[in-house]
Every structure is written in structure tokens, then in C-alpha cells.
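Chain and residue survey
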Amino acid sequence: MRSTIIAGNWKMYKTLEETRSFLEAFSQRLRSVPRHVGVVVCPPYTSLALAGEMLRGSSVGLGAQDMSEHDEGAYTGEVSWKMLASVGCGYVILGHSERRQYHGESDEQVNRKSTTALDHGLRPILCVGETLEEREAGTTADVVAGQVRGVLRGLSAESMARVVIAYEPVWAIGTGRNATPEQAQEVHALIRSLVAELYDERIAGQLTIQYGGSVKPDNAAGLLGQEDIDGALVGGACLKVDSFVQILETAGKKGELPQ
Ligand code: PEP
């Protein structure tokens, strides 16, 4: 009923040469990944053009890790949707917690970037998630609901068919400490019911909601087996061909995984 999408966020890793050798090896391994699993790689800006060329004609999608809300102009250091589209990007991660934490990105800004992305044919992967203090204070549901409302504000029902939400508890990113499948499922279900309230049941039912936070080959089955977890945003484990392919293979078995 909804697509399973696994995206690999390379963060600030891999030079051009490392990108080339990774993608050569990765392409050889894709045969073991069922076609119904959506696969996206998100290299740093400097590797996007090369990755776009190497992936042209393949089933692997290309994504950026951020994008300007503006079309063009005097915005030093920024990269526009037009630039991303010109190298073959179909996706863009927006509002990653590292952008929120180190660059002060707000829900309003993420919302404006999402609007720009959607207006120009890019699929945004919108990241939300609570900090450890917020979880321990028992405010996870309020925090995540506030972020979801904020980043989706004003997006049309039609656009929602192209939106992906990634639930990434901040305390689980890059820490090796992942949410239990039950903890993740609880928040995913909450996000889906909020989207049903904001739009309708059909849109909520078709929305791909990824989990992110120390997803590895050995915990992927437990997480992806959950009813409302439709994929993963993978950081550390996507940097090695073996571990990324193992996660993709697990995603291919989603319907058969124990809940
Ligand atoms: C991420 O970068 O979005 C992420 C979830 O990283 P990691 O898998 O390393 O926790």
C-alpha cells in the first residue's frame, strides 16, 4: 500500500574517489535487493554530480542533504533546487537534527525549504525527532507533533504524495543507541494519525515514514517489522557497501518480518 524507502545519508564523508569506488561496488550488489525497495543515496554536495552520472538509468535515487529555500541569489555557501535537479537529484533531506542543532534551522525554515523542493519536483525527506531531555521529560509526543505540524504547514494534499517523513530521535543518531522497535512504532503511529487529522486517512495511509537512528544490519529487522515503519534513514551503516546492502535486503522482506 505504501512504498518502502531506505535512504543513506553520507553526511560529511567520502571524497570523489571514495564516492566512485563505493558506487562501483554498490552497483554490483544491487541484484540482491528486491525492486520494490526504494533506494536513495545522499552524498555530500561535492559528490552529487559524479553520483548522478554513475547512477543515471539505475533504480537508485539520488538525494542531497540540504537545500536553500531560495531559487538563486547572493547566498554564499548555499545550493539551490535548480543545481540539485541539474545533477539528477530527486530527493532532498530537510531539517536533519544536525542542521537544526549546528545551523539553528527551525521548523519554519524547513517548511519553506519543503515548499521550494515540492514546487520544483524534488521529494523532501522531512526529519523530526525529540532530544534525550525531551524524551526524559515525557514530551516526545508534543515535540514531534509540533515539528510535524510546523514542517507540513500549508503543504497541499497533492504534495503529500511526494513527502517522506523521517522520525529520528536525536538521542539515537550516531550514538549506537537506537530506539526499541516498540518506542519507534509508537511515535510512527502518532505521526500517521496526526497526518490523518491534518489531511485524511488515505494520505496518512500512503505516507512513507522512515525511522532513523543507529539503524544497523542487526537491528533493521526488528524496526522494519513494525507496522508503521516504512523504511529507514541510515547514517553510519550506509557508508559501507556490505552493511547498507544487508539493510536493503532486510527491507525487501518487510512483509515477512516478525512484528
Ligand atoms: C542520520 O544521519 O540520519 C542517522 C540516522 O545516522 P546514524 O544511522 O549514524 O545514527
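See the structure shown above.
Summary of the structure given here.

Cut-off values and rules
- Residues numbered from 1 in each chain as written.
- Predicted model: local features only at pLDDT ≥ 70, side-chain atom pairs only at ≥ 80, totals over all residues.
- Heavy atoms only, no water.
- Pairing = 2+ DSSP bridges.
- Helix = DSSP H or I, 4+ residues; strand = E, 2+ residues; numbered from the N terminus.
- Axes fitted to C-alpha atoms, helices over the stretch in contact; angles between N-to-C directions.
- Contact = heavy atoms within 4.5 Å.
- Near = heavy atom within 4 Å.
- Polar contact = N/O pair within 3.5 Å; in protein donor to acceptor, adjacent residues only side chain to side chain.
- Areas by Shrake-Rupley, 256 points an atom, 1.4 Å probe, with all protein chains shown as cover.
- Phe/Tyr/Trp six-rings, centres within 6.5 Å; stacked < 30°, edge-to-face > 60°.
- Lys NZ or Arg CZ within 6 Å of the ring centre and 35° of its normal.
- Buried < 20%, exposed > 50% of the residue type's maximum accessible area, 1.4 Å probe, protein only.
- Salt bridge = Lys/Arg side-chain N within 4 Å of Asp/Glu carboxyl O.

Description of the sheet that holds strand β4 (residues 91–94)
With parallel pairing, eight strands are arranged side by side around a closed barrel as β1-β2-β3-β4-β5-β6-β7-β8. Each strand axis lies, on average, 25° off the axis of its neighbour in the sheet, ignoring direction. Examined bridge by bridge, β4 and strand β5 (residues 123–128) share four bridges and lie parallel to one another. Paired with L94 across the bridge in β5 is L126. Strands in contact with helix α2 (residues 45–55) are β2 (37–42) and β3 (60–64); relative to β3, the strand with the most contacts, it is inclined by about 165°.

Focus on the site of the ligand
Near the ligand, the surroundings consist of 14 residues, among which K11, E168, G174, S214 and G235 are the closest. At 2.6 Å, a backbone N or O of G174 approaches an oxygen atom of the ligand. Relative to its free-state accessible area of 290 Å², the ligand is covered by the protein chains to the extent of 97%.

A closer look at the packing of aromatic side chains
In this structure the tally under the stated criterion is four aromatic pairs. Considering the side-chain rings of F22 and F26, the 5.6 Å spacing of their centres and the 25° angle between planes classify their relative orientation as stacked. Placement of both F22 and F26 in helix α1 (residues 16–29) is noted, with a separation of four residues, approximately one turn of the helix. Site record: aromatic cluster; members linked through ring pairs are W10, F22, F26 and F244. Here the guanidinium or amino end of K14 rests over the ring plane of W10, the centre of that ring lying 5.7 Å away.

Remarks on the pairing of strand β8 (residues 231–234)
Covered by surrounding structure in β8 are G231 and L233 together with A232 and V234, the residues of both alternating faces. In this structure, strand β1 (residues 4–9) lies alongside β8, joined through four bridges in parallel fashion. When the sheet's bridge partners are listed, A7 is paired in β8 with L233. Pairing geometry for strand β7 (residues 208–212) and β8, over two bridges, is parallel. Directly across from Y211, in β8, lies its bridge partner A232.

Some details on the side chain of E105
Within the secondary structure, E105 sits in the loop between α4 (97–103) and α5 (107–119). A residue is classified by how much of its surface remains accessible, and E105, at 6% relative accessible area, is buried. At 3.1 Å, the side chain of E105 and the side chain of R99 are in polar contact. A polar side-chain atom of E105 sits 2.9 Å from a polar atom in the side chain of K113.

Regarding the pattern of salt bridges
Considering all chains together, one arrives at 15 salt bridges under this definition. Notably, a salt bridge pairs R149 with E197, separated by 3.4 Å at the nearest N-O pair. On the criterion of sequence distance, the pair formed by R149 in helix α7 (residues 140–152) and E197 in helix α9 (residues 181–198) is long-range, its members being 48 residues apart. In this structure E197 comes out as exposed when scored by relative accessible area, which is 59%. Among the ionic pairs, R192 bridges to D230, the shortest N-O distance being 2.7 Å. Of this pair, R192 sits in helix α9 while D230 sits in the loop between α11 (220–224) and β8; the two residues are 38 residues apart in sequence, bridging distant segments of the chain. Overlapping salt bridges bring together R2, R192, D228 and D230 as one network.

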